[in-house]
Amino acid sequence: MSDIASQLLHIEIGENPADRLDKALAALVPEEAALSRSRLAKLIAEGAVTRDGTPVTEIKAKVAPGEIYTIALEPPRAVETVAQDIPLTVLWEDDDLIVIDKPAGMVVHPAPGSEDGTLVNALLHHFGGNLSGIGGEARPGIVHRIDKDTSGLLVVAKSDRAHHGLAAQFEKHTVHRQYSALVYGVPSAADPRLRGIRGVSFEGGNILKITSQLARHPTDRQRQAVLFSGGRHAVTRARVVEEFAGVASLVDCWLETGRTHQIRVHMSHIGHGLVGDPTYGGKRKLPVRIIGEAAAQAVASFPRQALHAATLGFTHPVTGEELSFTSPLPADFEALQAILRAGAQAR
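Residues numbered from 1 in each chain as written. Predicted model: local features only at pLDDT ≥ 70, side-chain atom pairs only at ≥ 80, totals over all residues. Heavy atoms only, no water.

Asks: Would you explain the packing of aromatic side chains in this entry?
Replies: What describes a pair of aromatic rings is the distance from one ring centre to the other and the angle between the planes of the rings. This structure, assessed with the given rule, holds 2 aromatic pairs. Grouping aromatic residues by their ring pairs yields a cluster made of Trp92, Phe314 and Phe325. (Phe/Tyr/Trp six-rings, centres within 6.5 Å; stacked < 30°, edge-to-face > 60°.)

Below you can see the structure in the form of structure tokens.
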């Protein structure tokens, strides 16, 4: 029996329960409560789970058929982050999630040095308090991020059940994410240099695959580093869409995994860093004699990494509907591409 309205859940243990309390409860809580095992473990440790009025605080406690446990759920707590009236481009919204087309220059989540003006500040205002709570707090559920100066698509959970479902899809790498990037040079299977770089392989259709581990750089905490032992597994695929006189190219990149700075550090690793990337792109200059003065200058002065989250596809975690969204290139990116194209055609 459950009583969601009163914030109390009464769970009766059935036959053949799991071997520990957190697992047993996770299997039995009603779907609408959307309580993950990690959230249940926290509630158990806090004394919010009782049996016959006595708190049970050990997540590995044994359970028996017929026992009844009561889970006390506090109403979602207000968070300290301030709601701010910042315009948002919303592509989809329902009771459980929202899909946003984020502009370049907006930080996703408040952090030291970026306490306001973030996507979370904007979402809190947009929702106007209409949040069912994420992890017991009235806040948006950020299940993935894109860098401040990367533009494009993000999905954000509005409810616990959506948060858990989306997080599971990201963990299983079933979310489709395609990015557009402008890079130096032209990655090609015909380039023997590329074939000699560790972690690089090619698939059908001249699709480049980069496989490595990624971890924080040992001396620069703002950077990620490519490793081949330790760190976290990372796979990026890329395919050239358009090349510009052999000195730059527009590339589609797909994420199999989603690590911090993954596309930026992987493309830099293979010698094709992103145009405008202050961390990994280097200070390369395009040759004026090949691409022209205007294009060379436009690339040199581009103020951010030329990276755009263009496509996002996932299964709606509540309805099961297959959703897919696309975002056109932002104006600055499109203008840079046009200047490069004109320079290449003028040769």
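Asks: I'm lost on the packing of helix α8 (residues 293–301) against helix α9 (residues 331–345) in this one. Help?
Replies: Think of two packed helices as two axes; the pair is described by the angle between the axes and how far apart they sit. At their nearest, the axes of α8 and α9 sit 8 Å apart, and the two run at 150 degrees to each other. Considered as vectors, α8 and α9 are oriented roughly antiparallel to each other. Note on packing geometry: the crossing formed by α8 with α9 is left-handed. Contacts from Ala294, Ala295, Ala298 and Val299 of α8 reach α9 at Leu336, Ile339 and Leu340. (Axes fitted to C-alpha atoms, helices over the stretch in contact; angles between N-to-C directions. Helix = DSSP H or I, 4+ residues; strand = E, 2+ residues; numbered from the N terminus. Parallel < 35°, antiparallel > 145°, perpendicular 65-115°, else oblique. Left-handed = near helix turned anticlockwise from the far one by under 90°. Contact = heavy atoms within 4.5 Å.)

Asks: Just checking my understanding: could you explain helix α4 (residues 160–171) for this structure?
Replies: Taking 1.5 Å per residue as the helical rise, α4 with its 12 residues ought to reach 16 Å, and the 16 Å between its terminal C-alpha atoms agrees with that figure. Of all the positions in α4, only Asp160, Ala162, His163, Gly165, Leu166, Gln169 and Phe170 are classed as buried. Where α4 is buried, its residues meet α2 (37–45), β10 (141–142), β11 (151–157), β12 (176–184) and β18 (307–315). (Expected span 1.5 Å × (residues − 1). Buried < 20%, exposed > 50% of the residue type's maximum accessible area, 1.4 Å probe, protein only.)

Asks: Could you clarify how one ought to interpret the environment of His164 in this entry?
Replies: Among the secondary structure elements, His164 is positioned in helix α4. Residues His164 and Leu35, spaced 129 residues apart in sequence, show a C-alpha to C-alpha distance of 8.2 Å.

Bear in mind that shape data such as this cannot, by itself, settle questions of function.
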